[in-house]
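Analysis of the macromolecular model
Below are the chains, spelled out letter by letter.
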Amino acid sequence: MTLFRQLMMTIIAIFSLMLAVVMVINFNTTKGYLIGQLESTTQDSATSLSMSVSDFMALEDYASVESSINAVFDSGYFSEVRIHVYDTDKDITRSNETKIDGVPTWFIDLIDFKVPVAKAIISNGWSELGQVYITGSAGYGYNQLWLASRDLLVSFFVIGAITLIIGSFALRYLFRPLAELEKQAESIQQRRFIKTIAVPKTRELKSVVLSMNRMAEKLEKEFASEVETAQWLQAKAFKDPVSGLGNRHFFESQMKSHFAERERGVDGLVLISLADLGKLNNERGYESADMFIQSAADILTKKVSTLSSFSTLARLSGADFVLLIPNFDHSQLTKVVDEILTELMELNTASISYSVAVANVGAVTIDGSVERSSAMSQADAALREAKREGSNTSKVFDLNMGQNMAISRTAWKDILESAIHHRSFKLKKQKVTTLDELPVVLHEEVFMGLEHAGKEYHAGYFIGLAEQFDLGSQIDQVIISRVIEHIKSRQLTVPLTVNLSVSSYAKPAFIEWLSKTLSHLSADVKNKLMFEISEQSVLIEEAQANELAQMLKTQHVLFGIDNVGKQFSAFQYLQTLMPDYVKVDSSYTRMAAGKESESFFMHTLCKMFNSLNIEVIATGVESEKQLIALKRFDVSGGQGFLIGRAQDM
């Protein structure tokens, strides 16, 4: 219960106690006054009546006696007027049934109002002729008691209501700093270090607010230090200091991670070699050579940003760059290589290169059957062939001459549109578990594929084309709908996780559709549904990713971020999105089981994520050595072929 409600209940209790005490005192006082007044009235009336009828009694004029009784009875609040005549030993009586109008029955039954009876002797001279008995009426007393009690109660309720309304506004105003402190505490828990701007004048609250502000400032510095350390370690381990791109170590870790995936599509691998870098360094100095490298890196980075957020660009050595583009066919690769070479040749126009000879480019397309070493060898062979043909030339090899690439782009578009229309995508799921001896399944990630002409194709073969044909959001809608149907039709014990493409949630219409779809689901179904987005897509569409995250939180649906650490990012987006979990890129899983310097970087990442109360899941777990190494860190769960392979849904 909130402090505001407790104080309001305390005020109501005190007010009720005051009302009860005042009502009891007022009731007893009024009751005593009314009884005393009625006693006095009846006694006066009895005395007056005895004196007025004494002469009639002496003459035995009982008709006049009765008239006097009627006059007294009609003039006061009496229930009975009676005269007892001694001579005849008879009574002359006038009475009436007591009627109490306007007073509830329960009030009459609850109150014991003692009606007074007054007496007076009728005498004439020394002779006693009779006696007068007058009984008061309780109707007047009950009526006056009820009116007094009712008016007092109504007055108290009106005054109490006004007091509570004014008091609630006053308390809310006084408690406003406490509400701000509560928001500040929740924000600090989520590592959003806001500070309370308005410092209250109340001494106790002022001290608390200032202390919270100091704590927030200190925690902000500590978290910034953790992020800075993670960035420094990441740059130290993976970043080339001259070009700002990934270094050979970074590329090799990404290649190992990429080629470890069992379901790869068609990829493009490009090697770029700058010409005469050594001559430029010897004759013009290292600054000119560095400028050549940086300018070439800028051109490549700009080109890669237009291709795919999942591309990997790195500097292998002094003059050599490498580019891996997932889900890229031969015709696309040839076009991109020509564009890269054309833009690099402009460095000669700007007098940045050593001579007219700027670079050579060798490239190759590969599929899932090609090993990593073979792919690099073929790309190197293509580069050597380009260099043999002369400066500023390129060569693109096509290693995919099989049935997979026999399907044209137009045919793929028709196949995908048909699969969307018939909702015929094949779904699989892979479990994510804790790393305990007796693992507990945290959730299961959903993967999609499709079947055409008797052959199965996993998402790697067509997802890139789907993005190019702007079919990504339609595919995601089909997958989400089918997963929801699967959840409804089965008694699932763990949630299913759906990956969303950036082309989907970048569209406000898709987020609106998803929000509407989720709002129609029961809480049980939403508890079994989760979503993931990749870190690469977040860095491209951070605003839309934040809108998606806020919508999912409103719908009470969990979500996570995949491939975390694959890009050179500052991780600030985590404080904005605040996902429920992150899946660290599989390259870091391999590092965790590697050298101490590499495993320390994994430890730093886990520490930073856990400080945000974000669960960490390691991906690409494929060996017992990796599993044992991961148990040393704050890792909540793992995913990979050692944990469990994908199964049909």
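Here, the structure is the one placed above.
This write-up is about the structure you can find in this document. Note that the structure is a prediction, hence the values are computed from the model and not measured.

**Quick word on the overall build of the chain**
- Within the chain, the regular secondary structure consists of 23 helices and 19 strands.
- Relative to a compact globule of 649 residues, whose C-alpha radius of gyration would be 26 Å, the chain shows 47 Å and is clearly more extended.
- Put simply, the chain has 649 residues, and 47% of those count as buried.
- Taking the intrachain contacts of the chain between residues at least 6 apart in sequence as the baseline, contacts between residues at least 24 apart amount to 71%.
- Just so you have it, the chain exposes about 32700 Å², and 53% of that area is on carbon and sulfur atoms.
- When the 63 basic and 77 acidic side-chain charges of the chain are each reduced to a single mean position, those positions are 7 Å apart.

**Describing the packing of aromatic side chains**
- Summed over the entire model, instances satisfying the criterion amount to 10 aromatic pairs.
- With centroids separated by 5.9 Å and ring planes inclined at 85 degrees, the aromatic side chains of W106 and F107 adopt a geometry described as edge-to-face.
- According to the relative accessible area criterion, W106 is exposed, its value standing at 52%.
- Judged by centre distance (6.1 Å) and plane angle (35 degrees), the rings of W412 and F462 are tilted. Placement of W412 in helix 12 (residues 409–422) and of F462 in helix 13 (residues 459–468) is noted, with a sequence separation of 50 residues between them.
- Here a set of aromatic residues connected by ring pairs shows up, and it is made of F27, W106, F107 and W146.

**Here we look at unusual backbone geometry**
- Of note in the backbone geometry, E60 takes a positive phi value of approximately 60 degrees without being a glycine.
- One can find E60 in the loop between helix 2 (54–58) and helix 3 (62–75).
- Phi at A453 is positive, roughly 55 degrees, even though this residue is not glycine.
- With respect to the secondary-structure elements, A453 resides in the loop between strand 11 (441–452) and strand 12 (455–458).
- For A453, a relative accessible area of 65% corresponds to the exposed category.

**Digging into the sheet that holds strand 6 (residues 312–315)**
- With mixed pairing, five strands are arranged side by side in an open sheet as 6-7-5-8-9. On the outer flanks of this sheet lie strand 6 and strand 9 (394–398), each paired with one strand and no other. Pairwise comparison of adjacent strand axes, ignoring direction, gives a mean angle of 10 degrees for this sheet.
- Sheet analysis places strand 8 (residues 359–366) next to strand 9, joined by five bridges and oriented parallel.

**Some thoughts on the environment of V564**
- Among the secondary structure elements, V564 is positioned in strand 15 (residues 558–564).
- Counting along the chain gives 128 residues from V564 to D436, while the straight-line C-alpha distance between them is 23 Å.
- For V564, the residues in contact, after removing those within four places along its chain, are E535, F571, Y573, V582, K583, V584, D585, Y588 and F609.

**Quick look at the sheet that holds strand 1 (residues 78–85)**
- The strand order across the open sheet built from four strands is 2-1-4-3, with neighbouring strands paired in antiparallel fashion. Of all strands in the sheet, those bounded by a partner on one side alone are strand 2 (90–95) and strand 3 (117–124). Here the strands of the sheet are splayed against their neighbours by 15 degrees on average, with no regard to which way each runs.
- Note: strand 3 against strand 4 (residues 127–136), eight bridges, orientation antiparallel. If you follow N124 over to strand 4, its bridge partner there is S127.

**Observations regarding the nonpolar core**
- Counting 94 residues, the largest nonpolar core has F425, L500, L514, F531 and F609 as its most contacted members.
- Discounting residues that sit within four places of it in the chain, F425 has contacts with L416, A419, I420, M448, G449, L450, F462, I475, V478, I479 and R482.

**A word on the side chain of S54**
- When you line up the elements, S54 lands in helix 2.
- For S54, a relative accessible area of 9% corresponds to the buried category.
- For S54, the contacting residues outside a window of four places in its chain are I122, S123, N124 and L129.

**Thoughts on the pattern of salt bridges**
- Applying the stated criterion across every chain, the model contains 18 salt bridges.
- Residue R384 is joined to D380 by a salt bridge in which the shortest nitrogen-to-oxygen separation is 2.3 Å. Of the two residues, R384 and D380 both sit in helix 11 (residues 372–389), four residues apart, roughly one turn of that helix.
- Ionic pairing is found between E417 and K413, a salt bridge with its closest N-O pair at 2.6 Å.

**Digging into the pairing of strand 1**
- Of all eight residues making up strand 1, six are buried, and the element is well covered by its neighbours.
- In this sheet, strand 4 lies alongside strand 1 in antiparallel orientation, the contact comprising seven bridges. Each bridged residue has a counterpart across the sheet, and for V85 the counterpart in strand 4 is G130.
- Relative to strand 2, strand 1 runs antiparallel, the two sharing six bridges. Within the sheet, the bridge partner assigned to V85 lies in strand 2 and is K90.
- Counting the residues in the hairpin turn of strand 1 and strand 2 gives four residues, including D89, whose phi is positive at 55 degrees.

**Observations regarding the pairing of strand 13 (residues 496–499)**
- Where strand 11 meets strand 13, two bridges bridge the pair, whose relative direction is parallel. Residue pairing across strands places E444 opposite L496, the latter belonging to strand 13.
- Alignment of strand 13 against strand 14 (residues 529–534), held across four bridges, turns out to be parallel. Considered in strand 14, the bridge of T497 is made with M530.

Criteria and cut-off values
Residues numbered from 1 in each chain as written. Predicted model: local features only at pLDDT ≥ 70, side-chain atom pairs only at ≥ 80, totals over all residues. Heavy atoms only, no water. Helix = DSSP H or I, 4+ residues; strand = E, 2+ residues; numbered from the N terminus. Rg over C-alpha atoms; globule rule 2.2 N^0.38 Å. Buried < 20%, exposed > 50% of the residue type's maximum accessible area, 1.4 Å probe, protein only. Contact = heavy atoms within 4.5 Å. Areas by Shrake-Rupley, 256 points an atom, 1.4 Å probe, with all protein chains shown as cover. Lys, Arg positive; Asp, Glu negative; His and termini not counted. Charge placed at Lys NZ, Arg CZ, Asp CG, Glu CD. Phe/Tyr/Trp six-rings, centres within 6.5 Å; stacked < 30°, edge-to-face > 60°. Pairing = 2+ DSSP bridges. Axes fitted to C-alpha atoms, helices over the stretch in contact; angles between N-to-C directions. Core = buried A, V, L, I, M, F, W, Y, C linked by side-chain atoms within 4.5 Å. Salt bridge = Lys/Arg side-chain N within 4 Å of Asp/Glu carboxyl O.

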